[in-house]
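Okay, here's what each chain looks like letter by letter:
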Amino acid sequence: MADLSPQELRVLAAVADAGGFSAAGAALGLTQSAVSHSVRGSEAKVGAVLFERGRAGARPTPAGERAVALGRRILRMYEVLGAEARGAGRDTVAGVLRIAAFRSAALHLLPPALDRLTARHPGIRPEVRVVRELGAGTAGEVAAGRADLGIATLNATGATGATGAGGAGGAGGGSGATGSVPAEAAAPGRLLTGVLREEAYALVHPAGHPDPKTLPLLDWDENCGSYTRDWWRAQDWIPRATVKAEDDGMVLTMVGRGLGMAILPELSLREATDAVDITGLGPSGPVRRVGYVTTPEFASTLAVRALIRELRAEEG
């Protein structure tokens, strides 16, 4: 099988991003026929159909999704090669560092770490994208080659410390899949993960309320309640969510306005005001792990290693 050239990889990524050959050609400055010819050549080299063609455009097949993800990662390594070579042995790091993070991590974990990182390495240019922890979440951005490192919710733990099952449902029995990274993602050749912090959930309710457990439950789509669902099911005082908000900040605001109570992790509660009270759930309450996700190839790059050091220093 012949190797794919960098240009062929760029074409595959452009078709996947643009959703069609013509749009990909416009983005790359190529004709539609040149893009089509390049894709056919790549498919012949790979030995698999990479895109389903149709009137609506082109959509990656499962083989195409894998090829595009690996292609993006290979192209990214081409981009960082020069900076890696120049920084070797000199303790200098430069270039763009692409980071994906969920909202509360982007607000509270990343800023101090990036402040220290850029102070020590002024040549680094962080690019942060806030990604909802739904579906593939931040880990999916890393796997797809769109981020060098992600801040993700890793498998949460219940009272026993056993690794929770992930992949479906929010708190109170919702059906939206979250982006928590399963432990098997750390297998060689897949994604590498590291725990940065463990944080407990707490009950948050309107300040001064005499019996907050009687209030309606407010929840949000990215909540990790499903990863501690045994704990949730054992709590007969937790009703099904009557309101499902878009993010945890919105839930916290609604609780402050007296609309209900919520169960939120510590990072989310850093935005709490005097309008709410926070009550711990005790030693048997649910806990989630927050950590970093990267690929085996990026785990060894200077910029990613430097960022991980600063994230660990922040939580150490």
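For the structure itself, consult the block above.
Described below are features of the structure shown in this document. Just so we're clear, the structure is a prediction, and the values are computed from it rather than from any experiment.

**Examining the packing of aromatic side chains**
All told, the structure shown has one aromatic pair when counted by the stated rule. With a centroid separation of 6.5 Å and an interplanar angle of 85°, the aromatic rings of F21 and F51 are classed as edge-to-face. Residue F21 is located in helix α2 (residues 21–28), and its partner F51 is located in strand β1 (residues 51–54); the two are separated by 30 residues in the primary sequence. Residue F51 is classed as buried on the basis of its relative accessible area, which comes to 1%. Seen from the ring of W237, K213 lies directly overhead, with NZ or CZ sitting 4.6 Å from the centre.

**Details of the pattern of salt bridges**
Under the defined criterion, the tally for this structure stands at 21 salt bridges. A salt bridge links E79 to R76, with the nearest nitrogen and oxygen atoms 2.9 Å apart. Placement of the pair is E79 and R76 together in helix α4 (residues 62–87), with a separation of three residues, close to one helical turn. We classify R76 as buried; its relative accessible area is 5%. In this structure, R116 engages E310 in a salt bridge whose closest nitrogen and oxygen atoms are separated by 2.9 Å. Taken together, the positions of R116 in helix α6 (residues 110–120) and E310 in helix α11 (residues 302–315) put the pair 194 residues apart, joining distant regions of the chain. You can call E310 buried: its relative accessible area is 8%. One network of salt bridges, in which partners are shared, links R197, E199, E266, R270 and R288.

How each quantity is defined
- Residues numbered from 1 in each chain as written.
- Predicted model: local features only at pLDDT ≥ 70, side-chain atom pairs only at ≥ 80, totals over all residues.
- Heavy atoms only, no water.
- Phe/Tyr/Trp six-rings, centres within 6.5 Å; stacked < 30°, edge-to-face > 60°.
- Helix = DSSP H or I, 4+ residues; strand = E, 2+ residues; numbered from the N terminus.
- Buried < 20%, exposed > 50% of the residue type's maximum accessible area, 1.4 Å probe, protein only.
- Lys NZ or Arg CZ within 6 Å of the ring centre and 35° of its normal.
- Salt bridge = Lys/Arg side-chain N within 4 Å of Asp/Glu carboxyl O.

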